[in-house]
Amino acid sequence: MTPVEAQVRQYVTDRLLFGRSDVVVEGDTSFLESGLIDSTGVLELVAFLEESFKIKVEDEDLIPANLDSINALTRFIQAKSPALADSRV
Amino acid sequence: MGKNMNKFSPDHLRLDASAEAERIVFFIRDAVFTRLKRKGMVVGLSGGIDSSTVAALAVRALGADRVIGLFMPESDSSDDSLRLGQLLAKELGIKTFTEDISGILRGADCYRRRDEAIRTVVPEYHSGYKSKLVLSSLDSSEFRISYVVVQSPEGEQRKVRLTAEAFLALVAATNFKQRTRKMMEYYYADRFLYAVAGTPNRLEYDLGFFVKSGDGSADIKPIAHLYKSQVYQLAGYLGVPQEILNRPPTTDTYSLPQSQEEFYFSLPYDKMDLCLYGKAHRLPASEVAEALGMNEAQIERVYRDIDAKRAVARYLHMEPLLIEPIKETVAGL
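What you see is a predicted model; the values in this text were computed from it and never measured. (Residues numbered from 1 in each chain as written. Chains lettered and ligands numbered in written order. Predicted model: local features only at pLDDT ≥ 70, side-chain atom pairs only at ≥ 80, totals over all residues.)

1. As for the overall build of chain B
In terms of regular secondary structure, chain B is built from 13 helices and 7 strands. Against the compact-globule benchmark of 20 Å for 333 residues, chain B has a radius of gyration of 20 Å, which places it among compact chains. With the C-alpha coordinates of chain B rotated into their principal frame, the extents come out at 55 × 55 × 50 Å. Classification of the 333 residues of chain B by burial places 41% in the buried group. Within chain B, contacts between residues separated by at least 24 positions form 70% of all contacts whose residues are at least 6 apart in sequence. (Helix = DSSP H or I, 4+ residues; strand = E, 2+ residues; numbered from the N terminus. Rg over C-alpha atoms; globule rule 2.2 N^0.38 Å. Buried ≥ 20, exposed ≤ 12 C-beta atoms within 10 Å, placed from the backbone. Contact = placed C-beta atoms within 7 Å.)

So, in structure tokens, the structure goes:
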């Protein structure tokens, strides 16, 4: 697991699951389809991305292909910030 | 109901307006006099189709002398709201009261809190500006993103994406408007021992387009089961003035004119009605798409947007949660 994915997973546990550790979110689980995120949640997610990874999320980035799962988010962050792409934990 | 039941079309939402009016009139009379044990009904009049229809139904059910119309303008209200409300009240012959709620809203710092929220994303925003909240269209992304549109005193408009904090603060501040209006409706209800009407149509009720303990609060909601296009049919049958029938649905909450679809719904109400009906009756997206002249993928998106809105609406509809039911408080015991 890369540090980026670990951070994303932590965010999902803390903010989307309200700390519940008994719920498993797979890498490809859709946040939208599983009801984990609503329109306010997307805005919170943007703030997390911009603050934690120092990336700028543009309006055109706000599509499910970039933000709707742990795997999508990890890929998106690594594409936006190539320096984060290689390191692993 | 519809004439051609084979192929899905707007005809599926056609009402027998006379029979439906009679059914609702009976319901209002029974609810107000027998179940709620009140002497009449208070209706907040916005000059829109829903409150006008409820007021007209209330007059049929209870008599004009048992219906109070309330006008509750504030600084951001359109002049049309009051004018059209007065037109309806005159037509119905009901008693009215006007309460300008701007003072209460200023006392609660509604406008200052709203302006501060906007300034976190538009630092130059000040009281000379106008604003409104809009959602991104479903065509641009399945994520519905909130933006604020601001207009400078010189008339220049720009659209800025909100942060979560700014969005929540902006909505929390403007919700004072709906809650203040409801407080005022209950003042008159208490004073005259009347019931308070809620005026949501089915789209609003089902998809959570209301403020909890604001316009969502009421003793009776006589048109919550009707699709918006059915409310129009009923309004026409009841003789609601044409100018009200012709007025585009508006939220009348923000200082810039704002349609309901740019604020909340994905589509104009007549199309949204058909999508909601189609989803409720498990019609394939392709069938609804054909009736609306849209493509299947667009309808699938609207279906998913409906699910997302219902998920948010569940909290709005929830009664206060108790450890266990207190059976002595259940009506009828």
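2. Regarding the interface of chain B and chain A
Residue-level contacts link 16 residues of chain B with 14 residues of chain A. Going through the elements one at a time, α6 (164-192) and α13 (296-317) of chain B are the ones with two or more residues in the side of chain B that touches chain A. For the side of chain B that touches chain A, the leading source of residues is α13 of chain B, giving 4 residues. Here the residues of the side of chain B that touches chain A are counted per class, giving 9 nonpolar, 3 polar and 4 charged. (Nonpolar A, V, L, I, M, F, W, Y, C, P; charged D, E, K, R; others polar.)

3. Section: the confidence of the model for chain B
Mean pLDDT over chain B: 93, with 97% of residues reaching 70 or higher. Interface confidence for the predicted complex, given as ipTM, is 0.86, next to a pTM of 0.91. (pLDDT = per-residue confidence, 0-100.)

4. Regarding helix α5 (residues 110-119) of chain B
Along an α-helix, residues three or four apart share an orientation, since each turn contains 3.6 residues. All names here are of chain B. Buried residues of α5: Cys 110, Arg 114, Ala 117 and Ile 118, and no others. Along the long axis of α5, the arc covered by the buried residues comes to 95°, so they all point the same way. The elements touched by buried residues of α5 are α4 (102-107), β4 (130-135), β5 (146-151) and α6. (Arc of directions from axis to C-beta.)

5. Some remarks on the packing of helix α11 (residues 269-280) of chain B against helix α12 (residues 285-292) of chain B
Residues and elements named next belong to chain B. Put simply, α11 and α12 touch, their axes get as near as 10 Å, and they point 160° apart. Of the possible angle classes, the one that applies to α11 and α12 is roughly antiparallel. Crossing geometry of α11 relative to α12 is assigned as right-handed. Of α12, the residues touching α11 (which contributes Lys 271, Leu 274, Cys 275 and Gly 278) are Glu 287, Val 288, Ala 291 and Leu 292. (Axes fitted to C-alpha atoms, helices over the stretch in contact; angles between N-to-C directions. Parallel < 35°, antiparallel > 145°, perpendicular 65-115°, else oblique. Left-handed = near helix turned anticlockwise from the far one by under 90°.)

6. Concerning the sheet that holds strand β7 (residues 195-196) of chain B
Residues and elements named next belong to chain B. Pairing is parallel in the open sheet, where 4 strands are placed in the order β3-β2-β1-β7. Whereas interior strands pair on both sides, the edge strands pair on one side only; in this sheet they are β3 (95-98) and β7. In this structure, strand β2 (residues 67-71) lies alongside β3, joined through 4 bridges in parallel fashion. Pairing of Leu 70 across the sheet is with Phe 97, part of β3. (Pairing = 2+ DSSP bridges.)

7. Considering the packing of helix α1 (residues 3-16) of chain A against helix α4 (residues 70-80) of chain A
All names here are of chain A. With their axes 9 Å apart at the nearest point, α1 and α4 run at an angle of 135° to one another. Between α1 and α4, the angle is such that the two are oblique. Here the hand of the crossing between α1 and α4 comes out right-handed. For the pair formed by α1 and α4, the contact residues are Val 4, Glu 5, Val 8, Arg 9 and Val 12 on the first element and Ile 70, Leu 73, Thr 74, Ile 77 and Gln 78 on the second. Partitioned by chemical class, the residues of the contact of α1 with α4 number 6 nonpolar, 2 polar and 2 charged.

8. Quick word on the sheet that holds β5 of chain B
Residue and element names in this part refer to chain B. Spatially, 3 strands are ordered β4-β5-β6 in an open sheet, and the strand pairing comes out antiparallel. Each edge of the open sheet is held by one strand with a lone partner, namely β4 and β6 (157-161). Taking the axes of each pair of neighbouring strands and ignoring which way they run, one obtains an average angle of 25° across the sheet. Sheet topology places β5 next to β6; 5 bridges connect them, and they run antiparallel. In the strand pairing of β6, Val 149 is matched with Lys 159.

9. Digging into unusual backbone geometry
For Phe 18 of chain A, which is not glycine, the phi dihedral falls at a positive 50°. The exposed category is assigned to Phe 18 of chain A, around which 8 C-beta atoms lie within 10 Å. Positioned with a positive phi, Ser 213 of chain B is a non-glycine residue whose angle comes to about 60°. Secondary-structure assignment places Ser 213 of chain B in the loop between α7 (202-207) and α8 (228-238).

10. Examining the domain arrangement of chain B
When the parts of a complex come together, some accessible area is lost, and that lost area is often used as the size of the interface. Residue and element names in this part refer to chain B. Here chain B is described as being made up of domain 1 (10-107 + 169-316) and domain 2 (110-168). Just the C-alpha atoms count here: the centres of domain 1 and domain 2 sit 25 Å apart. Opposite the 22 residues of domain 1 that make contact, domain 2 presents 23 residues. Among the elements of the structure, α4, α6, α10 (260-263) and α13 are those that each provide at least two residues to the side of domain 1 that touches domain 2. Of the residues forming the side of domain 1 that touches domain 2, the biggest block, 8 residues, is contributed by α6. Here the residues of the side of domain 1 that touches domain 2 sort into 12 nonpolar, 4 polar and 6 charged. (Domains from an automatic or database assignment.)

11. Observations concerning the pairing of β6 of chain B
For a regular strand, the rule is simple: side chains alternate between the two faces of the sheet. With 0 of 5 residues buried, β6 of chain B lies mostly on the surface of the structure. Counted between consecutive antiparallel strands, the loop separating β5 of chain B from β6 of chain B contains 5 residues, among which Gly 155 of chain B sits at a positive phi close to 95°.

12. Quick look at the environment of Val 59 of chain B
Residue and element names in this part refer to chain B. Looking at the element boundaries, Val 59 is found in helix α2 (residues 49-62). Here Val 59 falls in the buried class, since 23 other C-beta atoms lie within 10 Å of it. Taking the C-alpha atoms as reference, Val 59 lies 20 Å from Glu 243; in sequence the two are 184 residues apart. Setting aside residues no more than four positions away along its own chain, Val 59 makes contact with Ala 64, Val 67, Leu 92 and Ile 94.

13. Regarding helix α3 (residues 79-92) of chain B
All names here are of chain B. Between its first and last C-alpha atoms α3 spans 20 Å; for 14 residues at 1.5 Å apiece the expected length is 20 Å, and the two agree. The complete set of buried residues in α3 reads Ser 81, Leu 84, Gly 85, Leu 88, Ala 89 and Leu 92. Down the axis of α3, the buried set is contained in an arc of 140°. They therefore lie on one face. More than 90 degrees from the buried face of α3, the exposed residues found are Asp 79, Arg 83 and Lys 90. Residues of α3 that are buried make contact with α2, β2, β3 and α9 (242-246). (Expected span 1.5 Å × (residues − 1).)

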